[in-house]
Amino acid sequence: MSAEVQNYQSAGNPCRQCMPLGASWAFKGVKGCIPVLHGSQGCATYIRRYMISHFREPIDIASSSFDETTVIFGGQENLEKAVLNVFNQYRPDIIGIATTCLSETIGDDIDRFVRELKKNQPGLCTLVPVSTPSYQGTQEEGFHRTIYALVKNLAGAGEVHAGEGPALNFFLPMITPADIRWIKDITKAMKGRAVVLPDISETLDGGLWEEYNAIPPGGTDQEEIKSLHLSEASVELGTVLPDDWRPGYWLQKQHGLPNLQAALPLGVDATDHFMKLLEDVLDCPVPPEFMEIRSRLTDAYADAHKYLYGKKVVLFGDTSTVEALYRFTSEIGMNPVFCFTGSPSGILKKAIEKLGTPPVSTTAPLVMEDCDFGDAEGIIEEMNPDMLIGNSKGYKIARKLDIPLLRVGFPIHDRFGASRQRMLGYSGTLNLLDQIVNMLLEKKQSDSDIGYTYI
Ligand code: SF4
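Residues numbered from 1 in each chain as written. Predicted model: local features only at pLDDT ≥ 70, side-chain atom pairs only at ≥ 80, totals over all residues. Heavy atoms only, no water.

Caption draft 1: Structural view of the packing of helix H8 (residues 139-154) against helix H11 (residues 247-255). Packing of H8 against H11 brings their axes to within 9 Å, and their N-to-C directions diverge by 25 degrees. Regarding the angle of H8 to H11, the classification is roughly parallel. H8 and H11 meet at a crossing whose hand is right-handed. In this structure, H8 uses Ile147, Tyr148, Val151 and Lys152 to contact H11, whose residues at the interface are Pro247, Trp250 and Leu251. In terms of residue class, the contact of H8 with H11 is made up of six nonpolar, no polar and one charged. (Axes fitted to C-alpha atoms, helices over the stretch in contact; angles between N-to-C directions. Helix = DSSP H or I, 4+ residues; strand = E, 2+ residues; numbered from the N terminus. Parallel < 35°, antiparallel > 145°, perpendicular 65-115°, else oblique. Left-handed = near helix turned anticlockwise from the far one by under 90°. Contact = heavy atoms within 4.5 Å. Nonpolar A, V, L, I, M, F, W, Y, C, P; charged D, E, K, R; others polar.)

Following this line, the structure appears as structure tokens:
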């Protein structure tokens, strides 16, 4: 065996998590829903650990608990037992069933299992299956596939009721509970009703309970999902996804519902577009309290310019976050030189190519997909950027190369308050801008022999 083959590593500290993690995140944003992972217990344990240390909330995820026999004879019996156990213990409204690498590899037909389970156990709650083989993609793919499965299985099914006021369906990438609350607040202030799927604003960032709840309160109601096709329109925010991950596209095709697309509202330009979209579709001006902060933000852009102009930044994480950060850091005069993601989808490259070279640079950024931190480290060392923006898995590189790391995205395991991070809208943008400038100032101050107290 050649030395090259002997030393080959398939991944060195991957910049991705697994597909069923994204599925669990999405199911956690549905009211009364418990996720069941069809596979070995380790998958559920790893995902619970990751989500608990990011959100700092209790996260129940069940497993069909494969063993050697299941791997040979198939997991149908185990899945039935798992679903019945979960139903009897939690009395959920929905059980979301996501496959894992193992059940996909042995070829378990999850759709057939669920069809037969529904037939044999007519008193069960709603069951929604989704195929999430993690070797095909990342948490993002799992997340979007799950939203799509929820809409396809439930929208227009059974008795439907239009709620009060004009409703907008929001299909969002994996953003924070605090940013979801902002989207709901602004829609409400414009006399609309935001149906956010998934809505983790309470389920993964709740308050103290007076008494124990087996399932945390909050989440998108199943009745709302059934009535999605009766809304005014769907709004898909973030990167443009393939058609078979896009619930807004499906609702348009099946029910003729208008489907609008926009960038995540991070930065002045993207937020202006988002506000205009809301004004047009809800036929209501943006209330002054949401606009006042725009002028404070543009003033802060002017003040921050001397600290930010031309500063080299490396962006990494999921594709929607990296795309939004690329727009924003380009808008504030920074130079995003290197963007990478663990997702192999091809979406990030296309999105950044479309956005073009940042105004402060004549060179297009390096964009890498299916990239891990092992590959990224040498490139970052060579580029010698002023800062990194991404999740806390970049910490080892940041520490080794002595480059400041601003934690944004998922997972954040070494800082507090990830659920309450705001970066959307004028107010969220201002919050992120302040953090970036202060991080650069802190670095300059701590590197200096003089010990500036006035920068
Ligand atoms: S990558 Fe596959 S085996 Fe590993 S936790 Fe995810 S689903 Fe389970």
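Caption draft 2: Local environment of the pattern of salt bridges. Tallied over the entire structure, the rule returns 16 salt bridges. Ionic pairing is found between Asp205 and Arg181, a salt bridge with its closest N-O pair at 2.7 Å. Note that Asp205 is positioned in the loop between strand E6 (193-197) and helix H10 (222-226) and Arg181 in helix H9 (residues 177-189), a separation of 24 residues in sequence. A relative accessible area of 11% means that Asp205 is categorised as buried. You can call Arg181 partly exposed: its relative accessible area is 30%. (Salt bridge = Lys/Arg side-chain N within 4 Å of Asp/Glu carboxyl O. Buried < 20%, exposed > 50% of the residue type's maximum accessible area, 1.4 Å probe, protein only.)

Caption draft 3: Structural view of the side chain of Asn391. When you line up the elements, Asn391 lands in the loop between strand E12 (387-390) and helix H17 (395-401). Of the residues examined, Asn391 reaches a relative accessible area of 4% and is grouped as buried. From its side chain, Asn391 meets the backbone nitrogen of Lys393 in a polar contact 3.0 Å long. Ignoring any residue separated from it by four or fewer positions in sequence, one finds Asn391 in contact with Phe316, Gly317, Phe373, Leu405, Val408, Phe410 and Pro411. (Polar contact = N/O pair within 3.5 Å; in protein donor to acceptor, adjacent residues only side chain to side chain.)

Caption draft 4: Structural detail: the packing of aromatic side chains. Applying the stated criterion to the full structure yields 11 aromatic pairs. Ring centres of Trp209 and Tyr212 lie 6.4 Å apart, and the angle between their planes is 65 degrees; this geometry places the pair in the edge-to-face category. In this structure Tyr212 comes out as exposed when scored by relative accessible area, which is 63%. Each ring, one from Phe316 and one from Phe340, has its centre 5.2 Å from the other, and the planes form 15 degrees; the classification is stacked. A residue pair is termed long-range when its members are at least 10 positions apart, and Phe316 in strand E9 (residues 312-316) and Phe340 in strand E10 (residues 335-340) qualify at 24 residues. Just as Phe316 is buried, Phe340 falls in that class too. Three or more aromatic residues joined by ring pairs form one cluster here, namely Phe316, Phe338, Phe340 and Phe373. (Phe/Tyr/Trp six-rings, centres within 6.5 Å; stacked < 30°, edge-to-face > 60°.)

Caption draft 5: Molecular detail of the pairing of strand E7 (residues 233-237). Counting buried residues in E7 gives five out of five residues, a clear majority hidden from the surface. The alternating pattern of E7 places Ala233, Val235 and Leu237 on one face and Ser234 and Glu236 on the opposite face, and all of these are buried. The sheet contact formed by strand E5 (residues 167-171) and E7 spans four bridges and is parallel. The partner of Phe171 across the bridge, within E7, is Glu236. Summarising the sheet, E7 and strand E8 (residues 259-262) pair through four bridges and their orientation is parallel. Each bridged residue has a counterpart across the sheet, and for Ser234 the counterpart in E8 is Asn259. (Pairing = 2+ DSSP bridges.)

Caption draft 6: Here's a closer look at the site of the ligand. Lining the immediate surroundings of the ligand are Cys18, Pro20, Cys43, Tyr46, Thr100, Cys101 and Ser134. Among the residues making up the shell around the ligand, the classes are represented as five nonpolar, two polar and no charged. (Near = heavy atom within 4 Å.)

Caption draft 7: Quick look at helix H3 (residues 41-55). Under the 1.5 Å per step criterion, the end-to-end length of H3 is 21 Å for 15 residues, consistent within 8% with the ideal 21 Å. Every buried residue of H3 is accounted for by Ala44, Ile47, Tyr50, Met51, His54 and Phe55. Projection of H3 onto a plane perpendicular to its axis shows the buried side chains occupying an angular sector of 135 degrees, all on one side. Where H3 terminates, the next one or two residues include Arg56, which has phi positive at roughly 55 degrees. (Expected span 1.5 Å × (residues − 1). Arc of directions from axis to C-beta.)

Caption draft 8: Just the pairing of strand E3 (residues 94-99), in detail. Among the six residues that make up E3, six are buried, leaving the element largely enclosed by the rest of the structure. Burial of the side chains of E3 extends over both faces: Ile94, Gly96 and Ala98 are buried on one face and Ile95, Ile97 and Thr99 on the other. As judged from the six bridges shared by strand E1 (residues 33-38) and E3, these two strands associate in the parallel manner. Directly across from Val36, in E3, lies its bridge partner Ile97. As defined by bridge partners, E3 adjoins strand E4 (residues 126-130) across five bridges and the pair is classed as parallel.

Caption draft 9: Region of the structure containing the sheet that holds E7. Spatial strand order, E6-E5-E7-E8: four strands in an open sheet with parallel pairing. Across the chains shown, the open sheet's two edge strands, defined by having one partner strand only, are E6 and E8. Direction aside, neighbouring strands of the sheet carry axes that sit 25 degrees apart on average. H9 contacts E5, E6 and E7 of the sheet and is inclined by roughly 155 degrees relative to E6. This element, helix H12 (residues 268-282), spans E5, E7 and E8 of the sheet and lies at about 145 degrees to E5.

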